[in-house]
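# An overview of the molecular structure
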Amino acid sequence: MGDDRLNLGLCYSASRLYYALAGPNHSESIRHVGSIDFNFPVAAALKNGSDKNFDGLRDAIHRVIRQYDVGVTRIVTEPSQECWTLLPKSVYDEPDEREAYLRILMHGYARGDMQPYWFELSNRDYKLLAVRTASSMKGYDRLTEISSSAEYCSDFEIGSFWKTHNNSGNTFMTVSSQDGLLVISSFLLGKLRSATYFHFDHPEDIPYLWYQCRQSLPWMNGMHDEILVYGYQAHKIANLLQPLVEEGEIKVMDSLKTMQIEAEEQQYSFELVEAFPAIMLAVN
């Protein structure tokens, strides 16, 4: 029975939570994609993890987990809940150096509260470090507590799931849009090169902020075969990006065909482009 349990992928945008369900051995098909509307911002409820808004969020997800006999639950985390930095691999290789950098990056936090994650990069001389705190993840823990296994995935990792899903060795960029937040990741020949994010008040501010970021991040100026755009107001974001990228096809991940996914369901009452991260987490 355990081998037949479904994978559940979760992501959220503004006041809507998206979920996708797929069998563990069917990397190209989705059993169901759904959304749940709330009258509060999902990100804020997750950060709190204890008020009545969160209780409604938790109860909704627990019903999905029980209804579909979920095995593994994966949920996208928000960049504001994490600290990202690039460090030389030599820091990672030396335990004393590694701990010293953690103390600097997470000044004021007890070591036992830190949850570091190291990611391989296309440039093997460096590693990407993402640090979360156990205290900031309490809401996520309570959300997935009845699942047999839970995994938390940074927004910049969705490109890695896409690469695994379509076996792509291309050089591509992912642009994930949430309400007031843009996460940009670059993959060189299928391997993570680097990632960053920035907040914005209005979508029209994005071109200015994009130019500002790429002045200090050379990888944003690199050529990409494709730029995958998904999330909140993805079509508007894609139009704003068109004059900002010199090379590469901008693809809005707004259909199952574009996602290379098979499903019996073909019609949805919500923007499928916003559920793309949940789908990628479910099929991998």
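Up top is the structure.
Now for a quick tour of the structure. Source: prediction; values computed, not measured.

On to the overall build of the protein chain. When helices and strands are counted, the protein chain shows 10 helices and 15 strands. In terms of overall size, the protein chain behaves like a compact globule, its C-alpha atoms giving a radius of gyration of 19 Å where 284 residues would be expected to give roughly 19 Å. Along the longest, intermediate and shortest principal axes, the C-alpha atoms of the protein chain span 45 × 45 × 35 Å. Taking all 284 residues of the protein chain together, 53% fall into the buried category. Here the contacts in the protein chain between residues at least 6 apart in sequence split such that 60% fall between residues at least 24 apart. For the protein chain, the computed accessible surface area is about 13400 Å², with 45% contributed by carbon and sulfur atoms. Between the averaged position of the 25 positive side-chain charges in the protein chain and that of its 38 negative side-chain charges there is a distance of 4 Å.

Attention now goes to the pairing of strand E1 (residues 6–13). The element E1 is largely enclosed, with a buried count of 8 among its 8 residues. Burial along E1 is two-sided: the residues Leu6, Leu8, Leu10 and Tyr12 and Asn7, Gly9, Cys11 and Ser13 are all buried. Bridging between E1 and strand E5 (residues 70–77) involves 5 bridges; their strand directions are parallel. Counted as the bridge partner of Asn7 is Val72 from E5. Summarising the sheet, E1 and strand E2 (residues 16–22) pair through 7 bridges and their orientation is antiparallel. Residue Leu8 lies in a different strand from E2, and its bridge partner there is Leu21. Where E1 folds back on E2, the antiparallel hairpin that results is connected by 2 residues, among which Ala14 adopts a positive phi of roughly 55°.

In space, the 5 strands of this open sheet follow the order E4-E2-E1-E5-E9, with mixed pairing throughout. Among the strands making up the open sheet, the edge pair consists of strand E4 (32–37) and strand E9 (149–154). Within this sheet the neighbouring strands show an average axis-to-axis angle of 20°, counted without direction. Across 6 bridges, E2 lies against E4 in antiparallel orientation. Note that in E4 the partner of Ala20 across the bridge is Val33.

What follows covers the packing of helix H6 (residues 158–166) against helix H10 (residues 276–283). In contact at an axis separation of 9 Å, H6 and H10 are set at 55° when each is read in the N-to-C sense. The orientation of H6 relative to H10 falls into the category oblique. In this structure, H6 crosses over H10, and the sense of that crossing is left-handed. Across from Ile158, Phe161, Trp162 and His165 in H6, the residues of H10 making contact are Phe276, Pro277, Met280, Leu281 and Val283. In terms of residue class, the contact of H6 with H10 is built from 8 nonpolar, 1 polar and no charged.

Of the positions making up helix H8 (residues 234–241), those classed as buried are Ala234, Ile237, Ala238 and Leu241. Take H8 and look down its axis: the buried residues cluster within an arc of 100°, on one side only. Contact partners of the buried residues in H8: strand E10 (172–178), strand E11 (181–188), helix H7 (206–214), strand E13 (226–231) and strand E14 (249–252).

Quick look at the pattern of salt bridges now. Two side chains with opposite charge may pair up if their charged atoms get near one another. Taken as a whole and judged by the stated rule, the model has 13 salt bridges. Put simply, Asp55 and Arg142 hold a salt bridge, and the shortest N to O gap is 3.8 Å. Residue Asp55 is found in helix H2 (residues 52–67), and its partner Arg142 is found in helix H5 (residues 138–143); the two are separated by 87 residues along the sequence. Judged by relative accessible area, Asp55 falls into the partly exposed class, the value being 27%. Among the residues examined, Arg142 registers a relative accessible area of 25% and is labelled partly exposed. Across the pair Arg132 and Glu82 runs a salt bridge whose closest N-O atoms are separated by 2.9 Å. In this pair, Arg132 sits in strand E8 (residues 126–133) while Glu82 sits in strand E6 (residues 82–88), placing the two residues 50 residues apart along the sequence. Each of Asp55, Arg58, Asp59 and Arg142 takes part in salt bridges that share partners, so that together they form one network.

Calculation notes
Residues numbered from 1 in each chain as written. Predicted model: local features only at pLDDT ≥ 70, side-chain atom pairs only at ≥ 80, totals over all residues. Heavy atoms only, no water. Helix = DSSP H or I, 4+ residues; strand = E, 2+ residues; numbered from the N terminus. Rg over C-alpha atoms; globule rule 2.2 N^0.38 Å. Buried < 20%, exposed > 50% of the residue type's maximum accessible area, 1.4 Å probe, protein only. Contact = heavy atoms within 4.5 Å. Areas by Shrake-Rupley, 256 points an atom, 1.4 Å probe, with all protein chains shown as cover. Lys, Arg positive; Asp, Glu negative; His and termini not counted. Charge placed at Lys NZ, Arg CZ, Asp CG, Glu CD. Pairing = 2+ DSSP bridges. Axes fitted to C-alpha atoms, helices over the stretch in contact; angles between N-to-C directions. Parallel < 35°, antiparallel > 145°, perpendicular 65-115°, else oblique. Left-handed = near helix turned anticlockwise from the far one by under 90°. Nonpolar A, V, L, I, M, F, W, Y, C, P; charged D, E, K, R; others polar. Arc of directions from axis to C-beta. Salt bridge = Lys/Arg side-chain N within 4 Å of Asp/Glu carboxyl O.

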